[in-house]
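# Structural overview
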Amino acid sequence: MKYWETLTDAVGLYRTEPYPIHEDALRLAEFSKNKPQDRVIDCGTGNGVLAVYAEALYGGQFTGIDIDRAALALAEESAARNGQAISFQLLSVTDAPAQFGHGSFDRALMNPPYFTSGDKGARALSRHADEGLLSDWCHAAFLLLNNGGTLTLCYPASQLAVLFRALEQNRLAPKRMELLYSGDAARLALVEAKKLGGDGMKITRN
């Protein structure tokens, strides 16, 4: 069964049981703060929630890529119903630099694969990954971004050491981070990293 869920007064998203709307993706879209003139790629777009919501909030020229045809079909339906000019393409993240060319985007967004014990079905498969795959995704982002471009992503707060290693290996410098809490413990980190950026990072909490 397919459901339409309102995200803003003007924009919504189709969701199904295998492809729900995760709160983490909504928070990441709000954190992204892309500009209307930005060329933005959503890596591993799934049902398009990140691209659809971020474009609705801030504007931008969006492209979403994924290897899941069923998820992309939902994303395309949502964008069409919203009247959004978002391009969704069947493509793996690691193949994207060869497809689009190096330095083709100002911003990259991603909710990268990581294991969450409560995940089920298709989403669980996409989120089960190792540190090597995370580094591969970060490397693809580095190639896709122009110099000074930014990668915005979320990752479990308990695994920040893993994320920071992957970013450092691929010359992406964390510049801004927001920690989302569940009780007293940080649950999720929203991170913006700059290609070839220097030291210094602003940290906030929500």
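Presented here is a report on the structure given in the accompanying data block. Each chain carries its own residue numbering, running from 1 in the direction its sequence is written. Where totals are concerned, whole chains, interfaces and linings use all residues; where local detail is concerned, this predicted model gives features only for residues with pLDDT of at least 70, and gives and counts side-chain atom pairs only at 80 or more. The basis for every side-chain value is the complete set of non-hydrogen atoms in the structure, without hydrogens or water.

This part is about the overall build of the protein. Across its full length, the protein carries seven helices and ten strands. Scaling as 2.2 N^0.38, a compact globule of 206 residues should have a C-alpha radius of gyration of about 17 Å, and the protein matches this with 16 Å. Principal-axis analysis of the C-alpha atoms places the extent of the protein at approximately 45 × 40 × 30 Å. Looking at the 206 residues of the protein, the share that counts as buried comes to 52%. For the protein, contacts bridging at least 24 residues in sequence account for 68% of all contacts bridging at least 6. All accessible-area figures derive from a Shrake-Rupley calculation using a 1.4 Å probe, and residue coverage is judged against the displayed protein chains alone. Only carbon and sulfur atoms are counted for the fraction: they give 49% of the accessible area of the protein, which is about 9,700 Å². A positive count includes Lys and Arg, and a negative count includes Asp and Glu. His and the chain ends are not counted in either. We put the charge of a Lys on NZ, of an Arg on CZ, of an Asp on CG and of a Glu on CD. Of the charged side chains in the protein, 21 are positive and 24 negative, and the gap between their average positions amounts to 4 Å. Every helix listed is a DSSP run of H or I at least four residues long, and every strand listed is a run of E at least two residues long, numbered separately from the N terminus. Radius of gyration: C-alpha atoms only; globule rule: 2.2 Å multiplied by the number of residues to the exponent 0.38. Working definition: with a 1.4 Å probe on protein chains only, accessible area under 20% of the residue-type maximum means buried, over 50% means exposed, and in between means partly exposed. Note on contacts: a residue pair qualifies if any of its non-hydrogen atoms lie within 4.5 Å across the two residues.

Side chains of a nonpolar character, in soluble globular proteins, are inclined to be buried together. To qualify as a nonpolar core, a set must consist of buried Ala, Val, Leu, Ile, Met, Phe, Trp, Tyr and Cys residues joined through side-chain atoms within 4.5 Å. Counting residues in hydrophobic clusters, the biggest one holds 31 residues, and the most contacted among them are L151, L163, L167, L172 and V191. When residues of this core are traced back to their parent elements, those giving at least two are β3 (39-43), β6 (105-110), α6 (131-144), β7 (145-156), α7 (160-169), β8 (172-182) and β9 (185-195). Aside from chain neighbours lying at most four places away, what touches L151 is A108, M110, C138, A141, L145, L167, L172, V191, E192 and A193. Among the nonpolar cores identified, the runner-up in size contains 27 residues, and I21, A51, F62 and A75 belong to it.

In this scheme Phe, Tyr and Trp rings, the latter by its six-membered ring, pair at centre separations within 6.5 Å, and the angle between planes marks the pair as stacked below 30 degrees, edge-to-face above 60, and tilted otherwise. Under the counting rule described, the total for this entry stands at two aromatic pairs. Ring centres of W4 and Y14 lie 4.7 Å apart, and the angle between their planes is 70°; on these two criteria the pair is classed as edge-to-face. Of this pair, W4 sits in strand β1 (residues 3-6) while Y14 sits in strand β2 (residues 12-15), placing them ten residues apart in sequence. On the accessibility criterion, W4 (27% relative accessible area) is partly exposed. Under the relative-accessibility criterion, Y14 is labelled buried at 14%. Pairing F100 with F105 gives two aromatic rings, centres 5.5 Å apart and planes at 85°, and the pair type is edge-to-face.

The next subject is the sheet that holds β9. Pairing between strands is defined by DSSP: at least two bridges between the two strands are required. The eight strands lie next to each other as β5-β4-β3-β6-β7-β9-β8-β10, forming an open sheet whose pairing is mixed. Bordering the open sheet on either side are β5 (87-90) and β10 (202-205), each of which pairs with just one other strand. Pairs of neighbouring strands in the sheet enclose a mean axial angle of 15°, with direction left out of account. Across the face of the sheet, α6 comes into contact with β3, β6, β7, β8 and β9 while running at roughly 150° to β7. A fitted line through C-alpha atoms represents every axis, and for helices the fit uses only the stretch in contact; the resulting angles, taken between N-to-C directions, go from 0 to 180 degrees.

This part takes up the packing of helix α1 (residues 23-32) against helix α2 (residues 49-58). Think of two packed helices as two axes; the pair is described by the angle between the axes and how far apart they sit. Their axes nearest at 9 Å, the elements α1 and α2 cross at an angle of 35°. Relative to α2, α1 is oriented so that their crossing is right-handed. Where α1 approaches α2, its residues A25, L26, L28, A29, E30 and S32 are matched on the opposing element by V49, L50, Y53, A54, L57 and Y58. Residue composition of the contact of α1 with α2, by class: ten nonpolar, one polar and one charged. Handedness of a crossing follows from how the near helix is turned relative to the far one, being left-handed for an anticlockwise turn of less than a right angle and right-handed for a clockwise one. Residue polarity is assigned by list, with Asp, Glu, Lys and Arg as charged and Ala, Val, Leu, Ile, Met, Phe, Trp, Tyr, Cys and Pro as nonpolar; anything else, Gly included, falls into the polar class.

This next bit is on the pattern of salt bridges. Salt bridge, as used here, is a side-chain nitrogen of Lys or Arg placed within 4 Å of a carboxyl oxygen of Asp or Glu. In the structure shown here, the tally under the stated rule is nine salt bridges. Look at the salt bridges and you will find they share partners, linking D38, R107, R176 and E192 into a network.

Turning our eyes to something else, we now look at α7. Note: α-helices contain 3.6 residues per turn, so residues at a spacing of three or four share the same orientation. When we look at burial in α7, the residues that qualify are L160, V162, L163, A166 and L167. Down the axis of α7, the sector holding all buried residues measures 160°, keeping them to one side. Opposite the buried face of α7, at more than 90 degrees from it, the exposed residues are E168 and Q169. Summarising the contacts, the buried residues of α7 are in contact with α6, β7, β8 and β9. This arc corresponds to the set of directions leading from the helix axis out to the C-beta atoms.

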